[in-house]
Amino acid sequence: HDNTNIMDFQEDYIVQELGRKLGALAASEKNGGNSNVALVTIKMYQMIWELLKENLDATVSKPNFWESVKEITLLGGIIINRSALFGEDHFQLKALITITQDGETNLTEEIRSLH
């Protein structure tokens, strides 16, 4: 979709975009609070990732961009805050991508397979 008129990372924009993506929330409400929090977290991550990629794609397509940059690495994930009863917080890897002038390499599954 076109974000040229609304590239605003402020709270109003986030609330508006997240609201559009939460259609499944009503159906999942019967599963309890944890599933709702998980759904909102995933939707929020997806929205931020889409915004990041849109901005990055626009940036790397500018003339002469790759003259001063050799590689970009994107690491995306969700931090799961756990209480003291359950141990340390957990990072859930969602994406590990390297980008060069020749294209993208998605390393996410390769890294996941190491666990």
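What counts and what doesn't
- Residues numbered from 1 in each chain as written.
- Predicted model: local features only at pLDDT ≥ 70, side-chain atom pairs only at ≥ 80, totals over all residues.
- Heavy atoms only, no water.
- Pairing = 2+ DSSP bridges.
- Helix = DSSP H or I, 4+ residues; strand = E, 2+ residues; numbered from the N terminus.
- Axes fitted to C-alpha atoms, helices over the stretch in contact; angles between N-to-C directions.
- Core = buried A, V, L, I, M, F, W, Y, C linked by side-chain atoms within 4.5 Å.
- Buried < 20%, exposed > 50% of the residue type's maximum accessible area, 1.4 Å probe, protein only.
- Contact = heavy atoms within 4.5 Å.
- Phe/Tyr/Trp six-rings, centres within 6.5 Å; stacked < 30°, edge-to-face > 60°.

Caption draft 1: Fine view of the sheet that holds strand β1 (residues 72-80). Here three strands make up an open sheet; going across it, the order is β1-β2-β3 and the pairing antiparallel. Among the strands making up the open sheet, the edge pair consists of β1 and β3 (103-106). Strand after strand, the sheet turns through a mean of 20° between neighbouring axes, direction not considered.

Caption draft 2: Fine view of the pairing of β3. Bridge analysis of strand β2 (residues 90-100) against β3 gives four bridges, and the strand direction is antiparallel. By the bridge assignment, Ile99 is partnered in β3 with Glu104. Hairpin connection between β2 and β3: a loop of two residues separates the two successive antiparallel strands.

Caption draft 3: Highlighting the nonpolar core. Listed in full, the twelve residues of the largest apolar core are Tyr45, Trp49, Leu56, Val60, Phe65, Trp66, Ile72, Leu74, Ile78, Ala95, Ile97 and Ile99. When residues of this core are traced back to their parent elements, those giving at least two are α3 (33-60), α4 (65-68), β1 and β2. Setting aside chain neighbours within four positions, we find Leu74 in contact with Trp49, Leu52, Lys53, Leu56, Ala95, Leu96, Ile97 and Ile99.

Caption draft 4: Spotlight on the packing of aromatic side chains. According to the stated counting rule, one finds two aromatic pairs in the structure shown. Summarising the aromatic geometry, the rings of Tyr45 and Trp49 are spaced 6.0 Å apart at their centres and angled 20° between planes, so their arrangement reads as stacked. Highlighted residues: Tyr45 and Trp49, both in helix α3, separated by four residues, approximately one helical turn. Of the two residues examined, Tyr45 and Trp49, each falls in the buried class. Look at Phe65 and Trp66: their rings are 5.0 Å apart centre to centre, the planes differ by 90°, and that puts the pair in the edge-to-face class. According to the relative accessible area criterion, Phe65 is buried, its value standing at 18%. Looking at Trp66, the relative accessible area reads 17%, which means it is buried.

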